[in-house]
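Chain by chain, the residues run as shown.
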Amino acid sequence: MKIQAYLAFRGNCQDALNFYSQLFDANIENRKTYENTEIDLPTDYRNKLQHAELKGKNIYFMAYDAAPDTPLTHGNQVCMSIEANSETEGKKMFDKLSSKGTIHHNYKVREWGHYGRCTDKFGICWMVNYSA
């Protein structure tokens, strides 16, 4: 069995994947737009992503742009979690992810190690951990 996250965006999935691919040194794969689908969508939404995958050494998730009539609520139902290899790496990831987003818990020492939680500029929740 394999379980991974599938993230939904409101028209900015490509921007988000570009950001994450650079941040995590990963590749955007299996990219498919709504261009040739028979789904009833506005013309200007046809170039949005119906499906894409972000794959790298230690990251894999799928993402798409939900159709305009699909209800999306920014919330805390899903939070991506990063287990950093060092305190410095964790801080660097946290700073980049929280830039232009919202910090919920500053990245600092906790009972179990270093931890921070933020919502990035795309509305995705991230938990960054480092335990020695």
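The model shown is predicted, which means the values in this text are computed figures rather than measured ones. (Residues numbered from 1 in each chain as written. Predicted model: local features only at pLDDT ≥ 70, side-chain atom pairs only at ≥ 80, totals over all residues. Heavy atoms only, no water.)

Peer 1: Which residues make up the confidence of the model for the chain, and what values do they have?
Peer 2: Residues with a pLDDT of 70 or more make up 98% of the chain, whose mean pLDDT is 93. No element of the chain has a lower mean pLDDT than strand S5 (residues 79–83), at 93, and none a higher one than helix H1 (residues 13–23), at 98. (pLDDT = per-residue confidence, 0-100. Helix = DSSP H or I, 4+ residues; strand = E, 2+ residues; numbered from the N terminus.)

Peer 1: Lay out unusual backbone geometry in plain terms, naming residues and giving numbers.
Peer 2: What you tend to see is this: most non-glycine residues have negative phi, and most peptide bonds are trans. Its identity as a non-glycine residue notwithstanding, Asp 25 has a phi of 50°, on the positive side. Within the secondary structure layout, Asp 25 lies in the loop between H1 and strand S2 (27–33). Using a relative accessible area of 68% as the deciding quantity, one classes Asp 25 as exposed. The residue Lys 100 is not glycine, and still its phi comes out positive at about 65°. Secondary-structure assignment places Lys 100 in the loop between helix H2 (87–98) and strand S6 (102–110). (Buried < 20%, exposed > 50% of the residue type's maximum accessible area, 1.4 Å probe, protein only.)

Peer 1: Mind laying out the packing of H1 against H2, listing which residues take part and the relevant values?
Peer 2: When two helices pack together, their arrangement is given by the angle between the helix axes and by the axis-to-axis distance. Close contact between H1 and H2 brings their axes to 12 Å; oriented N to C, the two are set at 165°. With respect to H2, the axis of H1 lies roughly antiparallel. Handedness of the H1/H2 crossing: right-handed. For the pair H1 and H2, contact is made by Phe 19, Tyr 20 and Leu 23 and by Met 93, Lys 96 and Leu 97, respectively. For the contact of H1 with H2, the class distribution of residues is five nonpolar, no polar and one charged. (Axes fitted to C-alpha atoms, helices over the stretch in contact; angles between N-to-C directions. Parallel < 35°, antiparallel > 145°, perpendicular 65-115°, else oblique. Left-handed = near helix turned anticlockwise from the far one by under 90°. Contact = heavy atoms within 4.5 Å. Nonpolar A, V, L, I, M, F, W, Y, C, P; charged D, E, K, R; others polar.)

Peer 1: Go over the layout of surface pockets with me, naming the residues and quoting the values.
Peer 2: A water-sized probe, rolled over the atoms, reveals where empty space remains. Counted as a void, the largest pocket has a volume near 490 Å³. The wall of the largest pocket is formed by 19 residues, among which Phe 24, Asn 58, Ile 59, Ile 82 and Glu 83 lie closest to the centre. Those elements that place two or more of their residues in the lining of the largest pocket are S5 and H2. The biggest single contributor to the lining of the largest pocket is S5, with four residues. (1 Å grid on protein atoms, 1.4 Å probe; cavity = no way out; pocket = protein on both sides within 12 Å on 5 of 7 lines; lining within 4 Å. Points joined across faces, edges and corners; volume = space filled by probe spheres on them.)

Peer 1: Would you mind going over the packing of aromatic side chains in detail, with residue names and values included?
Peer 2: In total, this model carries 12 aromatic pairs according to the counting rule given. Ring-pair connections join several aromatic residues into one group, and the members of that group are Phe 9, Phe 19, Tyr 20, Phe 24, Phe 61, Phe 122 and Trp 126. One cation-aromatic arrangement involves Lys 121 over Phe 19; the distance from NZ or CZ to the ring centre is 4.6 Å. (Phe/Tyr/Trp six-rings, centres within 6.5 Å; stacked < 30°, edge-to-face > 60°. Lys NZ or Arg CZ within 6 Å of the ring centre and 35° of its normal.)

Peer 1: Break down the nonpolar core for me, citing the residues and quoting the values.
Peer 2: Judged by nonpolar contacts, the single largest core of 30 residues is most densely connected at Phe 9, Tyr 20, Phe 24, Phe 61, Leu 97 and Trp 126. Beyond its immediate stretch of four places on either side in the chain, Phe 24 contacts Ile 59, Ile 82, Met 93, Leu 97 and Trp 126. (Core = buried A, V, L, I, M, F, W, Y, C linked by side-chain atoms within 4.5 Å.)

Peer 1: If you had to explain the pattern of salt bridges to someone new, which residues and values would you point to?
Peer 2: Enumeration according to the criterion identifies three salt bridges in this entry. Between Lys 55 and Glu 53 there is a salt bridge, with the nearest N and O atoms lying 3.4 Å from each other. On the basis of relative accessible area, Lys 55 is assigned to the partly exposed category, the value being 30%. The network of salt bridges with shared partners includes Glu 29, Glu 53 and Lys 55. (Salt bridge = Lys/Arg side-chain N within 4 Å of Asp/Glu carboxyl O.)

Peer 1: Would you mind going over the sheet that holds S5 in detail, with residue names and values included?
Peer 2: Spatially, S5-S8-S7-S6 is the arrangement adopted by the four strands of the open sheet, whose pairing is mixed. Unpaired on one side and paired on the other, S5 and S6 mark the two borders of the sheet. Across the sheet, the mean angle separating the axes of adjacent strands is 10° when strand polarity is ignored. The pairing of strand S7 (residues 113–119) with strand S8 (residues 125–130) spans six bridges and is antiparallel. Looking across to S8, one finds that Arg 117 is bridged to Met 127. Helix-sheet contacts for H2 involve S5, S6, S7 and S8, and the interaxial angle to S6 is about 170°. (Pairing = 2+ DSSP bridges.)

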